[in-house]
Amino acid sequence: MVEPGEELDRNLDQAADLLLGARYVVALTGAGVSVESSVRPFRGPGGIWTEHGEPPMDGYQRFLADPRREWQRMINREGYLKDMFEAFETAKPNAGHYALAELEEIGVLKSLITQNVDNLHRAAGSRNVAEIHGNCLLVRCLECNARFPKDDIPVDELPPRCPGCNGIMKNDGVYFGEPIAADVLHKCQEDVSTCDCMLLAGTSGFVYPAAGFPLTVRRTGGSLVEVDPYGTGLTHMCDVALKGKSGEVLPRLLERIKTRMSG
Ligand SMILES: [Zn+2]
């Protein structure tokens, strides 16, 4: 019988070996990482949509039909938008976000793909970030994909227009019915095709297209390292599953890697 602590210790060694032995490590993160920063979830107990109701499934089509009205809803923070913006504006990165940023800083992690829309990876210092569902603190031009902090865009005339190309601007967060921004999707596909080791943290592995990324890495011979307290639908195909919260396990993984690098 192996003590749980001993097993995690051994798994951390194996995970450090995989990350240090890979040429192009990509992290894929999901809601679990944000929940540890006390970001209110959308769904489930205490979820923002659980309280206010789910947004319409054709939200993007409604936006295109009347962008001015949708912008007014956003500015007035109608319905769930008030709770959502308050959750994102008060959230702080946790130790897991900072560990991922430092893994990039020391050259081990090459890029990060996240399903989260709360800006916390950027706030922690991660630079090469693909936000597959957008970033709710940014606005994006629907024509040229240029992005700006939402508070930098004047809203005296609605909808606001892109300073570069005069296209209609929309919150960067991907609405139901909205295609993932082409530039982000392209970047994810490039990262995944180059990736030979993917570090999964706080992602259930059920929401596509992100759920397909680990499968592609696996199929092309890459390794998978998972960090999750409970295990997920992807655990069975991972080379190493580190059981624990990302805010606790990722800093330990970082320390182990730094010790190896200095040794
Ligand atoms: Zn534009």
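Here is a short report on the structure shown in this document.

Focus on the coordination of the zinc ion
Next, step 1: Around the zinc ion, the protein supplies Cys141 (SG), Cys144 (SG), Cys162 (SG) and Cys165 (SG) as donor atoms, at distances of 2.2 to 2.4 Å.
Next, step 2: Its four donor atoms give the zinc ion angles of 95 to 118° at the centre, a pattern that matches the tetrahedral case.
Next, step 3: Going along the chain, you hit the donors of the zinc ion in the pattern C-x2-C-x17-C-x2-C.

Thoughts on the environment of Pro55
Next, step 1: With respect to the element layout, Pro55 can be found in the loop between α3 (48–52) and α4 (59–65).
Next, step 2: Residues Pro55 and His133 lie 78 residues apart in sequence; the distance between their C-alpha atoms is 15 Å.
Next, step 3: Residues within four places of Pro55 in sequence aside, it is in contact with Trp49, Tyr80 and Phe176.

Overview of the sheet that holds strand β8 (residues 223–228)
Next, step 1: Here six strands make up an open sheet; going across it, the order is β3-β2-β1-β7-β8-β9 and the pairing parallel. Each having just a single partner strand, β3 (129–131) and β9 (240–243) make up the two edges of the open sheet. Going from strand to strand, the sheet's axes swing by 15° on average, the running direction of each strand aside.

Considering the layout of surface pockets
Next, step 1: Computed from the structure, the largest pocket encloses a volume of approximately 1100 Å³.
Next, step 2: Forming the boundary of the largest pocket are 42 residues, of which Phe42, Arg43, Trp49, Val117 and His133 lie nearest the centre.
Next, step 3: Elements represented by at least two residues in the lining of the largest pocket include exactly α2 (31–35), α4, α5 (67–75) and α6 (80–90).
Next, step 4: Classifying every residue of the lining of the largest pocket by side-chain character gives 22 nonpolar, 13 polar and seven charged.
Next, step 5: Lining the second largest pocket we find Gly32, Val35, Glu36, Gly202, Thr203, Ser204, Val227, Asp228, Pro229, Tyr230, Lys245 and Ser246.

Observations regarding helix α9 (residues 182–194)
Next, step 1: End to end, α9 covers 18 Å across 13 residues, agreeing with the expected 18 Å (1.5 Å per residue, within 8%).
Next, step 2: Residues of α9 that are buried: Val184, Cys188, Asp191 and Val192. Seen along its axis, α9 keeps its buried residues to an arc of 95°; they face one direction. Exposed positions of α9 whose direction lies more than 90 degrees from the buried face are Ala182 and Ser193.
Next, step 3: Taken together, the buried residues of α9 touch β1 (25–29), β2 (109–114), β3, β5 (147–149), β7 (197–201) and α10 (212–219).

Overview of helix α7 (residues 95–105)
Next, step 1: All of the buried residues along α7 are Gly96, His97, Ala99, Leu100, Ala101, Leu103 and Glu104.
Next, step 2: The secondary structure elements touched by the buried residues of α7 are β1, α2, β2, α8 (120–124), β7 and α11 (246–262).
Next, step 3: At the N-terminal boundary of α7, the capping side chain belongs to Asn94, with an oxygen 2.7 Å from the backbone nitrogen of Gly96.

Description of the sheet that holds strand β6 (residues 169–171)
Next, step 1: Read from one edge to the other, the open sheet built from three strands follows the order β5-β4-β6, with strand pairing classed as antiparallel. The open sheet has two edge strands with one neighbour each: β5 and β6. With strand direction ignored, the average angle separating the axes of adjacent strands in the sheet is 30°.
Next, step 2: With three bridges joining them, strand β4 (residues 138–141) and β5 adopt antiparallel strand pairing. Counterpart to Leu138 in the pairing with β5 is Pro149.

About the thresholds
- Residues numbered from 1 in each chain as written.
- Predicted model: local features only at pLDDT ≥ 70, side-chain atom pairs only at ≥ 80, totals over all residues.
- Heavy atoms only, no water.
- Donors = N, O, S within 2.8 Å, 3.2 Å for Na, K, Ca; no water.
- Tetrahedral: all angles 85-135°; square planar, octahedral: opposite > 155°, others 65-115°.
- Helix = DSSP H or I, 4+ residues; strand = E, 2+ residues; numbered from the N terminus.
- Contact = heavy atoms within 4.5 Å.
- Pairing = 2+ DSSP bridges.
- Axes fitted to C-alpha atoms, helices over the stretch in contact; angles between N-to-C directions.
- 1 Å grid on protein atoms, 1.4 Å probe; cavity = no way out; pocket = protein on both sides within 12 Å on 5 of 7 lines; lining within 4 Å.
- Points joined across faces, edges and corners; volume = space filled by probe spheres on them.
- Nonpolar A, V, L, I, M, F, W, Y, C, P; charged D, E, K, R; others polar.
- Expected span 1.5 Å × (residues − 1).
- Buried < 20%, exposed > 50% of the residue type's maximum accessible area, 1.4 Å probe, protein only.
- Arc of directions from axis to C-beta.
- Polar contact = N/O pair within 3.5 Å; in protein donor to acceptor, adjacent residues only side chain to side chain.

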